[in-house]
Amino acid sequence: MPLVTTKEMFEKAYAGGYAIGAFNVNNMEIIQGITEAAQLEKSPVILQVSAGARKYAKHIYLTKLVEAAIADTDLPIALHLDHGENFEVCKSCIDGGFSSVMIDGSKYSFEENIAITKQVVEYAHARGVVVEGELGKLAGIEDDVNVSDADAMFTNPAEVEEFVTRTGVDSLAIAIGTSHGAYKFKPGQKPQLRFDILEEVGKRLPNFPIVLHGSSSVPQEFVKMVNQYGGAMPDAIGIPEEMLREASKMAVCKINIDSDLRLCMTGAIRKHLNDHPDHFDPRQYLKDGRDELRAMVQHKIRNVLGSSNTL
Ligand code: G3H
Ligand code: 13P
Ligand code: ZN
C-alpha cells in the first residue's frame with residue numbers, strides 16, 4: 001500500500017466520532033513503536049515530521065523508514081509535515097514524497113496567513129497532497145517560536161469560514177487552550193479547554209476536520225519514572241485524557257502527540273540503565289523505550305482517540 005492522504009481517514013473519523021493520532025517521529029524505534037501499536041489496534045495513523053526531525057534524522061531516512069513501516073504493517077499511513085514555517089519547507093516535503101503538509105501561518109496577520117496558506121494549497125493540491133492550516137496561537141514553545149501565555153490567542157470562530165473558503169485548506173488547527181510541551185498548566189491550575197469555541201467552529205464548518213496541537217496528557221506515571229531514575233523534571237501537567245476523548249467526539253479528527261512519546265521513552269530508558277548499570281548495547285535500552293512507547297500509543301488509540309478497529 002502506498003502512503004495515503006488524510007482525506008478518507010478524516011471523513012470516517014468525523015462520521016464515527018473519533019480522532020486519528022498524529023504522532024511525531026524522529027527515529028526508527030519511534031516509528032516502529034507507533035506503527036506496531038496502530039497495527040495491533042487496527043487503526044490508521046498519521047506520522048508527522050517537524051523541521052527539527054528533518055534536521056536530526058534527515059528527510060531521506062525518515063521517508064525510507066516510513067516506507068518500511070508501511071511495507072511491514074500494511075496500514076494506511078499518512079506522512080505529514082508538522083508546523084511547516086514557509087512555502088519552501090512545504091514544497092520540499094511535497095516534492096519529497098509527503099502526503100500531507102501543515103503550513104503554520106499562525107504567527108502572521110489574518111491576511112498574510114491566508115496568502116501563504118493559499119500558496120501552499122495550490123502547490124499541494126496540484127500534486128495530490130492535502131494541507132492543514134492554523135488559525136489562532138497556541139501558548140508554549142513551537143520550534144523556534146516562543147509564544148508566551150500572555151500572547152496566547154484563542155481561535156476566533158467568526159474567522160474560520162472565511163479562512164477555509166479563501167485558502168482551500170483540507171483541515172484546520174485551532175487554539176482552544178492546548179499548548180506544546182510537557183508544562184501546559186501551572187501547578188495547582190485546573191486544566192481547561194474552550195469547548196465552546198470548538199463547538200462554534202464545528203457549527204460554522206460542518207463536516208470539516210479540526211486539528212488539536214499540543215495534546216499530550218503528560219501521564220504522571222512517566223514523569224515519576226523519569227524523576228525516580230535520575231531525572232529532574234519540575235511539575236508537568238498535560239491535557240486530561242477525558243477532554244481529548246470529548247474533543248474526538250466533536251469536530252476534532254486529528255490529535256497531535258509528541259511530548260508523551262518523549263516522556264515515556266526517556267522514562268523507560270532511564271529505568272533500564274538504572275536497573276542494568278552494566279548494559280552498554282543501545283539495542284537493550286532502546287528496545288525498552290520502544291516497548292513502553294508501543295504500549296502507550298496503544299492506550300491512546302484505544303482509550304483516548306477511539307480509532308481502534310476502524311480500518
Ligand atoms: O510542535 C512541535 C513538536 O513537538 C515538534 O517538536 O520541533 O522539537 O521536533 P520539535
Ligand atoms: P505536545 O507537545 O503536547 O505533544 O504537542 C505536539 C504537537 O502539537 C506537535 O505538532
Ligand atoms: Zn504542534
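Residues numbered from 1 in each chain as written. Chains lettered and ligands numbered in written order. Predicted model: local features only at pLDDT ≥ 70, side-chain atom pairs only at ≥ 80, totals over all residues. Heavy atoms only, no water.

> How would you explain the coordination of the zinc ion (ligand 3) if you had to name every residue and give the values?
Around the zinc ion (ligand 3), the protein contributes the donor atoms His83 (NE2), His180 (NE2) and His213 (ND1), which lie 2.1 Å from the metal centre. Positions of the donor residues of the zinc ion (ligand 3) along the chain correspond to the pattern H-x96-H-x32-H. Residue His83 is located in strand β3 (residues 77-84), and its partner His180 is located in the loop between β8 (171-174) and α8 (195-204); the two are separated by 97 residues in the primary sequence. Summarising the burial analysis for this pair, His83 and His180 share the class buried. (Donors = N, O, S within 2.8 Å, 3.2 Å for Na, K, Ca; no water. Helix = DSSP H or I, 4+ residues; strand = E, 2+ residues; numbered from the N terminus. Buried < 20%, exposed > 50% of the residue type's maximum accessible area, 1.4 Å probe, protein only.)

> Break down the side chain of Ser99 for me, with residues and values.
With respect to the helices, strands and loops of the structure, Ser99 is situated in the loop between α5 (87-95) and β4 (100-103). When its relative accessible area of 7% is taken as the criterion, Ser99 is described as buried. The residues touching Ser99, leaving out its near neighbours within four places in the chain, are Leu3, Val4, Thr5, Ala78, Leu79, Val129 and Val130. (Contact = heavy atoms within 4.5 Å.)

> Can you lay out the sheet that holds β4 for me, pointing to particular residues and giving the numbers?
Here we have eight strands rolled up into a closed barrel, ordered β1-β2-β3-β4-β5-β8-β9-β10, and parallel in their pairing. For this sheet, the mean angle separating the axes of adjacent strands, direction not counted, is 25 degrees. In terms of strand pairing, strand β9 (residues 210-212) meets strand β10 (residues 252-257) through three bridges, oriented parallel. Bridge pairing in β10 places Val211 opposite Lys254. Along the sheet, helix α1 (residues 7-16) makes contact with β1 (20-24), β2 (45-49), β3, β8 and β10, crossing β10 at roughly 110 degrees. Here helix α10 (residues 241-249) sits on the sheet and contacts β9 and β10; the angle it forms with β10, its principal contact strand, is near 145 degrees. (Pairing = 2+ DSSP bridges. Axes fitted to C-alpha atoms, helices over the stretch in contact; angles between N-to-C directions.)

> I'd like to hear about the pairing of β2, residue by residue, with values.
Of all five residues in β2, five are buried, a share of seventy percent or more. By the alternation rule, side chains of β2 split into Val45, Leu47 and Val49 and Ile46 and Gln48, which are all buried. Across three bridges, the pairing between β1 and β2 is parallel. In the sheet register, Phe23 faces β2, and the bridge partner there is Leu47. Alignment of β2 against β3, held across five bridges, turns out to be parallel. For Gln48, the partnering residue across the bridge sits in β3 and is His80.

> Just give me the short version of the packing of aromatic side chains, but keep the residues and values in it.
Under the definition given, this model contains two aromatic pairs. Between Phe87 and Tyr123, the aromatic rings sit 5.6 Å apart at their centres with planes inclined by 85 degrees, giving edge-to-face as the arrangement. Residue Phe87 is located in helix α5, and its partner Tyr123 is located in helix α6 (residues 110-125); the two are separated by 36 residues in the primary sequence. Both rings, one in Phe110 and one in Phe163, keep their centres 6.3 Å apart while their planes meet at 45 degrees; by these two values the pair is tilted. Residue Phe110 is found in helix α6, and its partner Phe163 is found in helix α7 (residues 157-167); the two are separated by 53 residues along the sequence. Given the relative accessible area of 0%, Phe163 is considered buried. Residue placement shows Arg127 over the ring face of Tyr123; its charged tip is 3.5 Å from the ring centre. (Phe/Tyr/Trp six-rings, centres within 6.5 Å; stacked < 30°, edge-to-face > 60°. Lys NZ or Arg CZ within 6 Å of the ring centre and 35° of its normal.)

> Lay out the nonpolar core with the relevant residues and their values.
Membership of the largest hydrophobic core comes to 82 residues, with the highest contact counts inside it found for Ile34, Leu172 and Ile210. If we skip the residues at most four places from it in the chain, Ile34 touches Phe23, Asn24, Val25, Val45, Leu47, Leu261, Leu293 and Val297. Counting residues in each nonpolar core, the second largest holds nine residues, with Met9, Ala13, Ile20 and Ile46 among its members. (Core = buried A, V, L, I, M, F, W, Y, C linked by side-chain atoms within 4.5 Å.)

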